Amino acid sequence: MSKQNSQIFYDQLVEAQKRIIELENELNIKHTNHIVLKLKKELNQANDRIKMLTAAGDIMEPYADHQSAELWAKAKENK
């Protein structure tokens, strides 16, 4: 192989390596974006669950207050 052909081959090899690195970076970005979207979905589900549990707690609060008042009254009677 002539020196000129060797240089052309080397240049093509360097360009191919650069392109491989570019493609690997693109794949990493796509994978990262997929993970971020998945985590956002899980976070939204967790937030919805927290809202539901908070609402359930708000609904139960008057009942819990009433129950604790009854138990407190019974405890005083049993002294």
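Please refer to the structure higher up on the page.
Note that this is a predicted model, so its numbers are computed, not measured. (Residues numbered from 1 in each chain as written. Predicted model: local features only at pLDDT ≥ 70, side-chain atom pairs only at ≥ 80, totals over all residues. Heavy atoms only, no water.)

Engineer: Hey, could you run me through the overall build of the protein in this one?
Structural biologist: Broken down by element type, the protein carries one helix and zero strands. In summary, the protein has a C-alpha radius of gyration of 33 Å against a globular reference of 12 Å for 79 residues, an excess of more than 25%. Dimensions along the principal axes, computed over C-alpha positions, put the protein at roughly 105 × 25 × 10 Å. Taken over 79 residues, the protein has a buried fraction of 0%. Of the roughly 7600 Å² that the protein leaves accessible, carbon and sulfur atoms contribute 61%. If you average the places of the 12 positive and of the 12 negative side-chain charges in the protein, the two averages end up 2 Å apart. (Helix = DSSP H or I, 4+ residues; strand = E, 2+ residues; numbered from the N terminus. Rg over C-alpha atoms; globule rule 2.2 N^0.38 Å. Buried < 20%, exposed > 50% of the residue type's maximum accessible area, 1.4 Å probe, protein only. Areas by Shrake-Rupley, 256 points an atom, 1.4 Å probe, with all protein chains shown as cover. Lys, Arg positive; Asp, Glu negative; His and termini not counted. Charge placed at Lys NZ, Arg CZ, Asp CG, Glu CD.)

Engineer: For this particular structure, what's the right way to read the pattern of salt bridges?
Structural biologist: A side chain of one charge can pair with a side chain of the opposite charge when the charged atoms of the two come close. On inspection of all chains with the given rule, the structure shows three salt bridges. We note a salt bridge from Lys18 to Glu15, for which the minimum N-O separation is 3.7 Å. In this pair, Lys18 and Glu15 both sit in helix 1 (residues 3-77), three residues apart, roughly one turn of the helix. Classification of Lys18 by relative accessible area gives partly exposed; the value is 46%. Looking at Glu15, the relative accessible area reads 48%, which means it is partly exposed. (Salt bridge = Lys/Arg side-chain N within 4 Å of Asp/Glu carboxyl O.)

Engineer: Please clarify how the environment of Ser68 should be interpreted in this entry.
Structural biologist: Structurally, Ser68 is set in helix 1. On the accessibility criterion, Ser68 (42% relative accessible area) is partly exposed. Between the C-alpha atoms of Ser68 and Ile21, which are 47 residues apart in sequence, the distance is 66 Å. Polar contacts involving the side chain of Ser68 include one to the main-chain carbonyl oxygen of Asp65, which spans 2.9 Å. (Polar contact = N/O pair within 3.5 Å; in protein donor to acceptor, adjacent residues only side chain to side chain.)

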